[in-house]
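Understanding the architecture of this molecule
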Amino acid sequence: MEAATKTSVIAPAISPDEGSAGQAAGKASQPLVESRPERKPVRVRQDDRWKIFSGTANDVLAKDICNFLGLPIGQVKILKFSDGETYVQIEENVRGADVFVVQPTCDPVNEHLMQLLFLIDALKRASARRITVVMPYYGYARQDRKDRPRVPISSKLVADLLTTAGADRALVVDLHAPQIQGFFNIPVDHLFASPVLVDYFRKKQFPDLTVVSPDAGGVERARFFAKKMDSALAIVDKRRVEMDVTEVMHVIGDVKGRTCLILDDIIDTAGTLVKTCQALLDAGARAVYACATHAVLSGAAITRISESGLTEVVVTDTVPLREAARQEPKIVVRSIAGLIGRAIQSIHEETSVSKLFL
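Here's a quick rundown of the structure. (Residues numbered from 1 in each chain as written. Predicted model: local features only at pLDDT ≥ 70, side-chain atom pairs only at ≥ 80, totals over all residues. Heavy atoms only, no water.)

Next up on the list: the overall build of the protein. Across its full length, the protein carries nine helices and 14 strands. When the 358 residues of the protein are sorted by exposure, 49% land in the buried category. Split by element, the accessible area of the protein, about 17,900 Å² in all, is 48% carbon and sulfur. (Helix = DSSP H or I, 4+ residues; strand = E, 2+ residues; numbered from the N terminus. Buried < 20%, exposed > 50% of the residue type's maximum accessible area, 1.4 Å probe, protein only. Areas by Shrake-Rupley, 256 points an atom, 1.4 Å probe, with all protein chains shown as cover.)

Printed below as a string of structure tokens:
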């Protein structure tokens, strides 16, 4: 066995049991009434029933989530055989524990997906009480329907694989199509990165802001964002010529002399983003910003962004950025660890997750 990767994953944690600590009653004002003796404070115990683990896809985000929650990261060994097979071993007791596995299925997608399935299976066989998969980025989400003859619905298959492996519920962020929640036969908590992005752009206080959807499918997302920003809304009509190649047609809405903010869920090759930016500039936009939840940034995406008319591109850390992306001055990263951490805590404590929405 050759160790290609060893993952230090998250371990459980500390969920302080805020119970009765403190003093009992002070002396009463009546001299005939005896005062009760002081009770010693109850020691805060470590909650060993709450554990967080991670694969190798985005261990930095997983550790940030654990730091936010004050939990140690779970210990897991992930190795690779010389023939490419993956080996997983949970290195601590999880019997009866409420376990969360943080693993976006980003590049290399198939390897990270298999790691996630193996982690779930290992935890199930180790008698974890409940297993929640935390997928900040849900790979294969764009293959959510049969748009051509004889093609699979891959996002449905991935949901089935997770359930079959033993997942009891899922926590996802900004699915490409919200209807993907219906592919799961287990409870799904669907978070939106909007709180993180809205907070960033509100501080900029653009006087004439127009939120732009780069296609018709993202209109609902852009409308919601525009409402929170109290701004105008525009749509760019695009026509897809072939796989990963789009042709922008025209702008619907007034953007002349205004600051435009392109909103999308994924930036992959950045072809659509750059063409949308150019269409807005040609229509008279004063400046063009962009924001997205998942910075996949494959192929020549970084070069395209660098050479484009975009002023700034704001993304979250659901997907780890390559070194070239981290060095690109136009790309700004906002952490989503706090948002996911609060959701994980709500699930563990059986409280409402909807309070995290804008």
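Time to look at the pairing of strand β3 (residues 86-90). Because side chains alternate across β3, one face comprises the buried residues Thr-86, Val-88 and Ile-90, and the other comprises Tyr-87 and Gln-89, none of which is buried. Bridge count for strand β2 (residues 76-80) against β3 is five bridges, and the pairing is antiparallel. Paired with Lys-77 across the bridge in β3 is Gln-89. Hairpin connection from β2 to β3: five residues lie between these consecutive antiparallel strands, with Gly-84 at a positive phi of about 100 degrees. (Pairing = 2+ DSSP bridges.)

Applying the stated criterion across every chain yields a total of five aromatic pairs. Considering the side-chain rings of Phe-201 and Tyr-289, the 6.5 Å spacing of their centres and the 85 degrees angle between planes classify their relative orientation as edge-to-face. Pair noted here: Phe-201 is in helix α4 (residues 194-202) and Tyr-289 is in strand β12 (residues 287-295), with a separation of 88 residues, a long-range link. Judged by relative accessible area, which is 13%, Tyr-289 ranks as buried. Put simply, the rings of Tyr-200, Phe-201, Phe-206 and Tyr-289 touch in pairs and so form one group of aromatic residues. (Phe/Tyr/Trp six-rings, centres within 6.5 Å; stacked < 30°, edge-to-face > 60°.)

All right, on to the sheet that holds strand β1 (residues 50-54) then. The parallel open sheet is built from five strands, whose spatial order is β1-β4-β5-β6-β7. The open sheet is flanked by β1 and β7 (188-191), the only strands paired with a single partner. Between one strand axis and the next, the sheet turns by 20 degrees as a mean value, whatever way the strands run. Pairing geometry for strand β4 (residues 98-102) and strand β5 (residues 130-135), over five bridges, is parallel. From the neighbouring strand, Asp-98 faces β5, where its bridge partner is Arg-130. Packed onto the sheet, helix α1 (residues 59-69) meets β1 and β4 and runs at close to 160 degrees relative to β1. The strands touched by helix α2 (residues 109-125) within the sheet are β1, β4 and β5, with β5 carrying the most contacts at an inclination of about 165 degrees. (Axes fitted to C-alpha atoms, helices over the stretch in contact; angles between N-to-C directions. Contact = heavy atoms within 4.5 Å.)

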